[in-house]
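A structural walkthrough
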Amino acid sequence: LELLRAERSNLRAALHWCLRDAPDALLAGRLLAALAWWWYFDDAPAEGQAWCSECLALALPLPAPLRARVLLAAARAAVHGGQLAAGLDWATQASQLARQTGDTDTLAQGWYNQQAM
């Protein structure tokens, strides 16, 4: 966590670049999925949710398994930030996509998030 905190400005710059400057949904999605737990443990759910929302709103294609992981990251951030309705919606969408693609890990996490609400 300390290493990620030390690189916070670089991570923000990378996300800014791949979401706004040179839109690359695949790269952004991979970064967001990897950083999902960091925002949770760093107690920064609003930041994680904002980045995930921006990625999901891009008009660029995002492969279904990766979209499911970004939805799950958004759900986790929303729930941690007290936005249960948004979290439930994103967790449900993540579970549906994960079921379609056979991603049992994301399916289980999405289902857990739905039950936790």
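Let me sum up the structure you'll find in this document. (Residues numbered from 1 in each chain as written. Predicted model: local features only at pLDDT ≥ 70, side-chain atom pairs only at ≥ 80, totals over all residues. Heavy atoms only, no water.)

Observations regarding the overall build of the protein
In terms of helices and strands, the protein carries 7 helices and 0 strands. Since a compact globule built from 117 residues should have a radius of gyration of about 13 Å, the 13 Å found for the protein is in line with a globular shape. Taking the principal axes of its C-alpha atoms as reference, the protein extends roughly 35 × 30 × 20 Å. Taking all 117 residues of the protein together, 40% fall into the buried category. (Helix = DSSP H or I, 4+ residues; strand = E, 2+ residues; numbered from the N terminus. Rg over C-alpha atoms; globule rule 2.2 N^0.38 Å. Buried < 20%, exposed > 50% of the residue type's maximum accessible area, 1.4 Å probe, protein only.)

Brief notes about a nonpolar patch on the surface
A grouping of Leu1, Trp37, Tyr40 and Phe41 is seen on the molecular surface, where their side chains present a nonpolar patch of about 420 Å² in accessible area. For phenylalanine 41, the position within the fold is in helix α3 (residues 25-41). (Patch = residues over 30% accessible without salt bridge, like charges linked within 9 Å, V, L, I, M, F, W, Y side chains within 5 Å. Areas by Shrake-Rupley, 256 points an atom, 1.4 Å probe, with all protein chains shown as cover. Salt bridge = Lys/Arg side-chain N within 4 Å of Asp/Glu carboxyl O.)

Section: the environment of tyrosine 112
Structurally, tyrosine 112 can be placed in helix α7 (residues 104-116). In this structure, the C-alpha to C-alpha distance between tyrosine 112 and glutamine 96, residues 16 residues apart in sequence, is 13 Å.

A closer look at the packing of helix α4 (residues 45-57) against helix α5 (residues 64-80)
One way to put it is that α4 packs onto α5 with a least axis distance of 8 Å and a crossing angle of 145°. Along this stretch, α4 crosses α5, giving a crossing that reads as left-handed. In this structure, α4 contributes Pro45, Gly48, Gln49, Cys52 and Leu56 to the contact, and α5 contributes Arg67, Val70, Leu71, Ala73, Ala74, Ala77, Ala78 and His80. Tallied by class, the residues present in the contact of α4 with α5 amount to 9 nonpolar, 3 polar and 1 charged. (Axes fitted to C-alpha atoms, helices over the stretch in contact; angles between N-to-C directions. Left-handed = near helix turned anticlockwise from the far one by under 90°. Contact = heavy atoms within 4.5 Å. Nonpolar A, V, L, I, M, F, W, Y, C, P; charged D, E, K, R; others polar.)

Section: unusual backbone geometry
The backbone of aspartate 43 shows a phi angle near 55°, a positive value even though the residue is not glycine. With respect to the element layout, aspartate 43 can be found in the loop between α3 and α4.

Side note on the environment of leucine 58
Looking at the secondary structure, you find leucine 58 in the loop between α4 and α5. Sequence separation between leucine 58 and alanine 25 is 33 residues; the distance between their C-alpha atoms is 7.2 Å. Those residues in contact with leucine 58 that lie beyond four places of it in its chain are Leu19 and Ala25.

As for the packing of aromatic side chains
The full count for this structure, using the stated rule, is 4 aromatic pairs. Geometrically, the ring pair formed by tryptophan 38 and tryptophan 39 is tilted, given 6.1 Å between the ring centres and 35° between the ring planes. Residue classification places tryptophan 38 among the buried positions, given a relative accessible area of 4%. Take tryptophan 39: its relative accessible area is 2%, and that puts it in the buried class. Looking at arginine 76, its charged tip hangs above the ring of tryptophan 37, at a distance of 3.9 Å from the centre. (Phe/Tyr/Trp six-rings, centres within 6.5 Å; stacked < 30°, edge-to-face > 60°. Lys NZ or Arg CZ within 6 Å of the ring centre and 35° of its normal.)

Details of α3
End to end, α3 covers 24 Å across 17 residues, agreeing with the expected 24 Å (1.5 Å per residue, within 8%). The largest bend in α3 is about 45°, located at leucine 35. Turning to α3, its buried residues are Ala25, Ala28, Gly29, Leu32, Leu35, Ala36, Trp38 and Trp39. At the exit of α3 stands aspartate 43, carrying a positive phi of roughly 55°. (Expected span 1.5 Å × (residues − 1). Bend = angle between axes of the 7 residues up to and from the residue.)

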